[in-house]
Structure formats: structure tokens, C-alpha cells
Amino acid sequence: MKKLLSKKVLPSALVFATCATFAGRAGGATAPEQPYEPTWNSLKKWHTPQWLRDGKFGIYTHWGVYAVPAQGPNATWYANHLYLNENGPERKYHEATYGPLTKFGYKDFIPMFTGEKFNADEWADLFQKAGARFAGPVAEHHDGFSMWDTKYTEWNAAKMGPKRDVVGELGKAIKKRDMKFVAAFHHAEAWFYFPTWDKRWDCSDPRYSGLYGPIHEKGALPTTAFLDQWKGKIVEVIDKYDPDFIWFDFGLNLITDSYKQEMLAYFFNNAAAHKKEVVVSYKDHHLPPGAGLLDLELGQEANLTYYEWITDTSVDDGQGW
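Rules used in this analysis
- Residues numbered from 1 in each chain as written.
- Predicted model: local features only at pLDDT ≥ 70, side-chain atom pairs only at ≥ 80, totals over all residues.
- Heavy atoms only, no water.
- Helix = DSSP H or I, 4+ residues; strand = E, 2+ residues; numbered from the N terminus.
- Buried < 20%, exposed > 50% of the residue type's maximum accessible area, 1.4 Å probe, protein only.
- Areas by Shrake-Rupley, 256 points an atom, 1.4 Å probe, with all protein chains shown as cover.
- Pairing = 2+ DSSP bridges.
- Contact = heavy atoms within 4.5 Å.
- Phe/Tyr/Trp six-rings, centres within 6.5 Å; stacked < 30°, edge-to-face > 60°.
- Salt bridge = Lys/Arg side-chain N within 4 Å of Asp/Glu carboxyl O.

Caption draft 1: Focus on the overall build of the protein chain. Check the secondary structure of the protein chain and you find 10 helices and 10 strands. Counting every position in the protein chain, which comprises 321 residues, the buried fraction comes to 55%. Summed over its atoms, the accessible surface of the protein chain is roughly 14,300 Å², and 51% of this surface lies on carbon and sulfur atoms.

Caption draft 2: Molecular detail of the pairing of strand β5 (residues 134-140). In terms of burial, β5 is largely enclosed, as 7 of its 7 residues are buried. Here 4 bridges tie strand β4 (residues 57-61) to β5, and the two strands are oriented parallel to one another. Each residue of the ladder has a partner; that of glycine 58, found in β5, is phenylalanine 134. Of the strand pairs in this sheet, β5 and strand β6 (residues 180-185) are connected by 4 bridges, and their pairing is parallel.

Caption draft 3: Fine view of unusual backbone geometry. Even without being glycine, lysine 163 reaches a positive phi, approximately 55 degrees. Locating lysine 163 in the fold gives a position in the loop between β5 and α6 (166-176). Phi is positive for aspartate 242, close to 50 degrees, though the residue is something other than glycine. With respect to the helices, strands and loops of the structure, aspartate 242 is situated in the loop between α9 (224-241) and β7 (245-248).

Caption draft 4: Seen up close, the environment of leucine 294. For leucine 294, the location among the structural elements is in strand β9 (residues 293-297). Of the residues examined, leucine 294 reaches a relative accessible area of 13% and is grouped as buried. Separated by 16 residues in the primary sequence, leucine 294 and isoleucine 310 have C-alpha atoms spaced 6.1 Å apart. Sequence-distant contacts of leucine 294, that is, excluding residues within four places in its chain, are made with Tyr282, Lys283, Asp284, Glu301, Tyr307, Glu308, Trp309 and Ile310.

Caption draft 5: Structural detail: the packing of aromatic side chains. According to the stated counting rule, one finds 31 aromatic pairs in the structure shown. Here the aromatic rings of tryptophan 46 and phenylalanine 268 are separated by 6.2 Å at their centres, their planes lie at 15 degrees, and the arrangement is stacked. Taken together, the residues span a long stretch of sequence, with tryptophan 46 in the loop between α1 (40-43) and α2 (50-55) and phenylalanine 268 in helix α10 (residues 257-273) at a distance of 222 residues. For the residue pair tryptophan 46 and phenylalanine 268, the accessibility class agrees, reading buried in each case. Centroid distance phenylalanine 134 to phenylalanine 245: 5.9 Å. Interplanar angle 35 degrees. Geometry classified as tilted. With a gap of 111 residues between them, phenylalanine 134 in strand β5 and phenylalanine 245 in strand β7 connect regions that are remote in the sequence.

Caption draft 6: Representation of the pattern of salt bridges within the structure. One pass over the full model with this rule turns up 20 salt bridges. A salt bridge links arginine 53 to glutamate 308, with the shortest nitrogen-to-oxygen separation between them at 2.8 Å. Pair noted here: arginine 53 is in helix α2 and glutamate 308 is in the loop between β9 and β10 (309-314), with a separation of 255 residues, a long-range link. When its relative accessible area of 18% is taken as the criterion, arginine 53 is described as buried. Measuring nitrogen to oxygen at the nearest pair gives 2.3 Å for the salt bridge that ties lysine 283 to glutamate 297. Of this pair, lysine 283 sits in strand β8 (residues 279-283) while glutamate 297 sits in strand β9, and the two are 14 residues apart along the sequence.

Written as C-alpha cells, this is what we have:
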């Protein structure tokens, strides 16, 4: 679970601690306004909405297949360390507990990820009582397991594991309590998260590419198919669950500019059509200044800034998320 905080550092600045075509209306009316084009100059017209300036504090949660082993210095990176670090604590724990990695891979945790006690209303109540003004789940972590009912992969929480549309249920519960809804995406990093080039492990088996990602050589750049799915999943969540805030982890540097531009234009224009204001946050320099809100993980700017930014921090020791 992460918490996101903010306070003003300048009158217009904040510090935080976390294409489809629209049909015209009946009678020949014009289509809803689409003020953004998929160019950086156009997308930099975006501005931080007042609801986020006023919100100050939000929460987003990590919950996925990695919650089954829940081991390692960073539990959400369990699978990556499991496959890539043969002498690491994750591999030692895994093989002592579940057997050799050649016999029990990350995919084999999914039937154990039952989520039988998951209650979206209880989660939303907790967020609200904590004072959060915006909240939501990690829609997809680096591990390739989608937490919503998606058409892009069978490896999702609605069809496997808990067999629940976690993103959809939390979205409804959070909005019902007048909080803004956050969907966090880490799936750009899925390109390198599993060593699909290593023939020793199940992640190199094409039968499981829907989870582990397309098989490719180490160091290869993302394919068009990977980029299409990256964007398609985000657009699907926008269309199905109407998030107010899309939070991006590291990895956007792997995504070609045109895909990022098209995704942002779609999100911003969809919001404009529904007369609402939305937020996109990013890390490092993976978006141009002004096209979204800079996020500083476990950190902050040392001095007052002319731009607005957000920081996310963990409720634990900063390692487990």
C-alpha cells in the first residue's frame, strides 16, 4: 500500500507524499469537444486539477499474485528476483518452500491467489477513514497479471485466481464514497521483468507468454505487438472504469513517444467529453514537463519549484510496498 501526500510550496505548486471516436448526440449535434491532439505541444496544455491540489493525500495499493509468497526485500519484485538471482533470498525461500523453480514457477501461485476475504467496500471504508481523497489499486504490476476483466489476456483476476474484477469493484466502492479513483500501471516494465530468453524456466515457454510477456532476446526493444497491448490495456481501463488519476511507475522510457501521446490524448479528451479533470503522473523524465505530474518515489525536491510534483511513499519500511 502506498500513500500520497501533498502540501503547497508555492501559490501554484504542490508537494505530494504518493482513439476511439465519440459518437455525436441525437439530432445531428456535433461530437464532444476533443481539445488535445497526440503531440507534446498540445498535451502540455494539461494542468493539475484543483481537486488534486485540495486533495493532499491519497492511497494506492499493491495487491496481486506476489502477495502469495510475500517474501524478499521487496515483495512486489519477488518474481523478478526469483528468476534472475540464483543466490538471492527469493530463490532460496522458493525452492525450500515450493520446490525447484523448474517444477514450480511464478504462474503456479495463481491458483493460490484466491482473495476469498477481499471486500472492496471494507477497503474503501478504510481509505476514507484514513483521510484519503483519492485511492485505487495497481491495475497491473510488472508481473503481467491484470487485476481487471480484460479482453487482452486470459491471465487476469476475473478469470483466474480470485475470479473477481478487483479494479472494477474497487472503482465502484471508492467513487461511491466521493473519493477520486486511481488506477496504477506498472506494465511497461513487464518487457524486461521475466527472463523470457532463458530456456531453463517456464517464462520461456510460449504457452505462458500471456503472463510472462513475449519471448525476446535480452536487451531487445519492445515490439509493436507489446506496445499495442500496453496502450490497449490502459484505454480499456479508461473506457470500463473511468479513472480520475492514472499513475505510472518507471518504464515509460521503454514506450515509443507516439504510443504515449495517443494514450494521453485519449485520456484527456475522454475526460473533456465527460466534463471532468484528470491526472497522469510519471517518473524520471519519461514525459515532458507539463504533459503530466512528476512523481518522485520516496523523495522530494530539495528546493521550491516552479512546477508541481507528487511523491509516493510506503506504509512499511519503504521496501515492501
